[in-house]
Structures are given as structure tokens and as C-alpha cells.
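Here are the chains, one letter per residue:
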Amino acid sequence: MKSKPVVFFGSTASAEPKPEHSIIGKLDKIIKELGLLDKVKGKHVFIKIHLGQNIGFSNIHPFITGYIVRKIKEAGGKPFLVDIFEQIDKAVLRGYTQEVIGCPIYPVAGPKDTYYVEKKVYYKNLDVIQMGGFCKDADILVDLSHVKGHNMAGFGAAIKNLALGCYTQKTRFAVHRTTQYDKYWFPEKCRDPVKTALKLVEACPHRAIRYDKGRFRVIFERCNQCMRCKLVDDENCLLIQRKNFESFFEAMAITAKYVLDHYDEDSRFYINIALDITEYCDCWGFTTGNILPDLGVLGSTDILAIDKATLDLLKDKPLIKENVSRSLEINDNPKLHPFARVHGPWKDPYLQIWYGEKYGLGNPDYELIEVNPPGPWKSEKLPKPCFPEPLQLY
């Protein structure tokens, strides 16, 4: 019987102000514990990163990425960074250059998005997937992910970084279109389809329902399942159902699996950076306030273990409501994960784990080991303090 995968965790809390108890100090410890540096000598190391775009700056800090690159190079590895072609050109604005990072940065499928390998999957309306060629041109995989919210997947981390970020634009758009496969609009039930469609558009406060030139669509990426549309749908012409949402999760499991299939199990490494956790993915191209407190850094050799551990550690953290965009809507059901409270119950981020397990991506039953833990407050064992009164100068 295989042992549980280990997830190493370094929190933002520190025992004392020393380098080894800092975030980078804990990251350094995690990299060593994973055995990554023992594997890379003479090997090409593919680091999947999300570079962000436009005026966003909450992607992984280039110093963190550069630190990992330096460690790999010192161990004799030959690393290179990869992301989708749309985000390569302006990466320099976020400090991502070869001079800063220390290795080349390539578009996942080349500058024309035409260097890829195909696989026929025949999942709903997703017939073929095109994985970027640079994702296979290495010996070692390092999936380096920024943890954040996601308006379709609930949250984005290790699974999402590969499932979408390793593919051509055509495939990424096709994965999103799987939400449209299962029929949800039944105009034949309506006495007046146009009137009903316009009524449904008006009922949606999140602009998730569109009707233009006779075409009715639900934009599931914008839908938080508030069901206000159903309150006015007295003819039952619109069906809001889980399977439209879950198509996206299952398609992600399929695409992530194809990436993993190109690497031996002992050549896959995952690092999640749970800092600057915003409501939306970095691909939106702007930065809003953190919706959850900074958590720290995690590392594992199992993709399901690291993402589930990340979700579990964030599950009981307080949602920072004042940083949620006012156009969104917070669901206060205590049974929901904080990400699902923002994006909706049917965008439960644990669905990524469930479908990942279905497709054999890994083992979510993990063992958590905290590196350089902060321990208790030293002041707890001291006599009660007697501080001076506040100065109250103003």
C-alpha cells in the first residue's frame, strides 16, 4: 500500500525574526525536503508559472521565482519558465526578465501559438486538446502556482496552472465552452421567447444572462447561482444545473492529466505560493485587495495533495469582505469554502480535487508537515507585562 503523499507547509507566522523563519527561509527548506535539488543535475527543468498581465501585480513575486531558479541552477539543473503567449511580452513590467529570473522565459506553444502536441479526448464539445510543446521539452516538471480565486474554478493553484496554462488559446477557450454543451434554454416552453429572454436578462444582477439577435446565453463564468432568474421563470424555460458548471472542472482534470502523463511520477514537483490571495485569476490583468489572509508556501510531489491541503488550510480563514468587489455577492452559508462564498456553491473549489481523483491525477489523502513552525508565543510563559500608557499625541 502506497504511503500518503506529504505536503510541506511553511506559514507566514515566524518563531523569531531570522532568515530561516522567513517565507524564503521556509521555501528553501521545502525545496530541500521535496528532493527537487537531488533530481535536477544535468536535467532540463520546466517551470510552469503564471506571469499575469496588464496592470496586475499580485502574481508570484519575481524574487521568489528567481530564488527557485537559482537553487535549481546551483544543483546543476537547466531551468526555463513557460506561460501562455499572451503574457510573455509584458512580463518585463512585472520584473520577469531573464536577467532578473536567471533563465529563459518561453511562450507555452511558441510565439505563434502553433507549437503543440494534440490528443483526441471527445469530452462533450471538447474533441481535441493542444498542449504547448514547451511543456514536454524537459525532464523535470515544477508547477509553481499562485493561489487565488477563480470565477469558474472557484480557485486557481497547481491543477489550474497546468490545466489551462499549458495549452493553446484555442484549447483554453474550448475548455470554457464545455459549460455551454448541456442544453439549458428551452424557448419552445415559452409563450413569447423574446419577452421571456429579456425578462431573464433583467433579473440577473451579475450580467450572466445575455440575449442578442435571437441568441440566448448564460455566461457561467459570471453566474454565482443566486437563482434570481428562476424566480421570474414561471414557464421553466431556463434550466440552471450543476452539470454545466462541472463540465469545466472535468475538462480541467482531462487537460491536467495529459500534462502529467509526459513526466514520471518522481519527476513532478509542485509549489503553491499562497500570498496576495485575490478574488480573481491573475489573467484578469489587475490587482484588487486580498480576500483571504496570506497563508504561506506549500510543496509536494502530488498535485491533488497540495491543492487539497491549500484549500483545507484556507477553509477556516476569515473572508475579508471589505476587499470583495461590490459587484459580486457574498454567500454567508458557513458550510461553504470562502472561495465558494464569493463565486457560488457550484463553483466549490473542492470539485477540482474530486474530478482530479476521478482521472487519477494523484492522491488527496495527504500528510501535512509544517517546516520551521512558529510555536507558541514566548510571552505566554513570562510574568504579566506592565506597559506604559499610550502617548496619545494626536
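In this report, the structure presented in the accompanying data block is examined.

Criteria and thresholds
- Residues numbered from 1 in each chain as written.
- Predicted model: local features only at pLDDT ≥ 70, side-chain atom pairs only at ≥ 80, totals over all residues.
- Heavy atoms only, no water.
- Helix = DSSP H or I, 4+ residues; strand = E, 2+ residues; numbered from the N terminus.
- Contact = heavy atoms within 4.5 Å.
- Expected span 1.5 Å × (residues − 1).
- Buried < 20%, exposed > 50% of the residue type's maximum accessible area, 1.4 Å probe, protein only.
- Polar contact = N/O pair within 3.5 Å; in protein donor to acceptor, adjacent residues only side chain to side chain.
- Salt bridge = Lys/Arg side-chain N within 4 Å of Asp/Glu carboxyl O.
- Pairing = 2+ DSSP bridges.
- Axes fitted to C-alpha atoms, helices over the stretch in contact; angles between N-to-C directions.
- Disulfide = S-S within 2.5 Å.
- Left-handed = near helix turned anticlockwise from the far one by under 90°.
- Nonpolar A, V, L, I, M, F, W, Y, C, P; charged D, E, K, R; others polar.

Here the focus is the side chain of glutamate 246. Position of glutamate 246 relative to the elements: it lies in helix α8 (residues 242–260). Not counting chain neighbours up to four residues away, the residues in contact with glutamate 246 comprise Tyr123, Leu351 and Tyr355.

The first and last C-alpha atoms of helix α9 (residues 303–314) sit 17 Å apart over 12 residues, in line with the 16 Å expected at 1.5 Å per residue. Among the 12 residues of α9, nine are classified as buried, and the element is accordingly described as predominantly covered. If you check which residues of α9 are buried, you get Ile303, Leu304, Ala305, Ile306, Asp307, Ala309, Thr310, Leu311 and Leu314. At the N-terminal end of α9, a side-chain oxygen is found 3.0 Å from the backbone nitrogen of leucine 304, two or three residues along, and the residue is aspartate 302.

Before going further, it helps to examine the pattern of salt bridges. A pair can form between side chains of opposite charge whenever their charged atoms are brought close. Counted by the stated rule, this structure contains 22 salt bridges. Residues glutamate 250 and lysine 358 are paired through a salt bridge, measuring 2.9 Å at the closest nitrogen-oxygen approach. Placement of glutamate 250 in helix α8 and of lysine 358 in helix α11 (residues 350–358) is noted, with a sequence separation of 108 residues between them. By relative accessible area, which is 9% here, glutamate 250 ends up buried. A salt bridge links arginine 341 to aspartate 332; the shortest N-O distance between them is 2.6 Å. By relative accessible area, arginine 341 is classed as buried at 15%. A relative accessible area of 49% places aspartate 332 in the partly exposed class. Through salt bridges with shared partners, a single network forms among Asp28, Lys32, Lys71 and Glu74.

With that out of the way, let us pick up the sheet that holds strand β12 (residues 268–274). Sheet architecture is open: eight strands sit in the order β4-β3-β2-β7-β12-β13-β1-β14, paired in mixed fashion. Here the strands that pair on one side only, and so sit at the sheet edges, are β4 (105–107) and β14 (367–370). With direction set aside, neighbouring strand axes in the sheet form an average angle of 25°. The pairing of strand β1 (residues 6–11) with β14 spans four bridges and is classified as parallel. Directly across from phenylalanine 9, in β14, lies its bridge partner glutamate 370.

Let us now look at the state of the cysteines. Applying the stated criterion to the full structure yields one disulfide. Each sulfur of the disulfide joining cysteine 190 and cysteine 237 lies 2.4 Å from the other. Of this pair, cysteine 190 sits in the loop between α5 (169–177) and α6 (193–203) while cysteine 237 is found in the loop between α7 (228–232) and α8, placing the two residues 47 residues apart along the sequence. As far as burial versus exposure is concerned, cysteine 190 and cysteine 237 are alike and both buried.

On to the pairing of β1. Counting buried residues along β1, five of its six residues qualify, which places the element largely inside the surrounding structure. In this structure, β1 lies alongside strand β13 (residues 296–300), joined through five bridges in antiparallel fashion. Paired with valine 7 across the two strands is serine 300, which belongs to β13.

Further remarks concern the packing of helix α1 (residues 23–34) against helix α2 (residues 62–74). Contact geometry of α1 with α2 gives a least axis separation of 11 Å together with a crossing angle of 35°. Classified by chirality, the crossing of α2 by α1 is right-handed. Judged by residue contacts, Ile24, Leu27, Asp28 and Ile31 of α1 engage Phe63, Ile64, Tyr67, Ile68 and Lys71 from α2. Here the residues of the contact of α1 with α2 sort into seven nonpolar, no polar and two charged.

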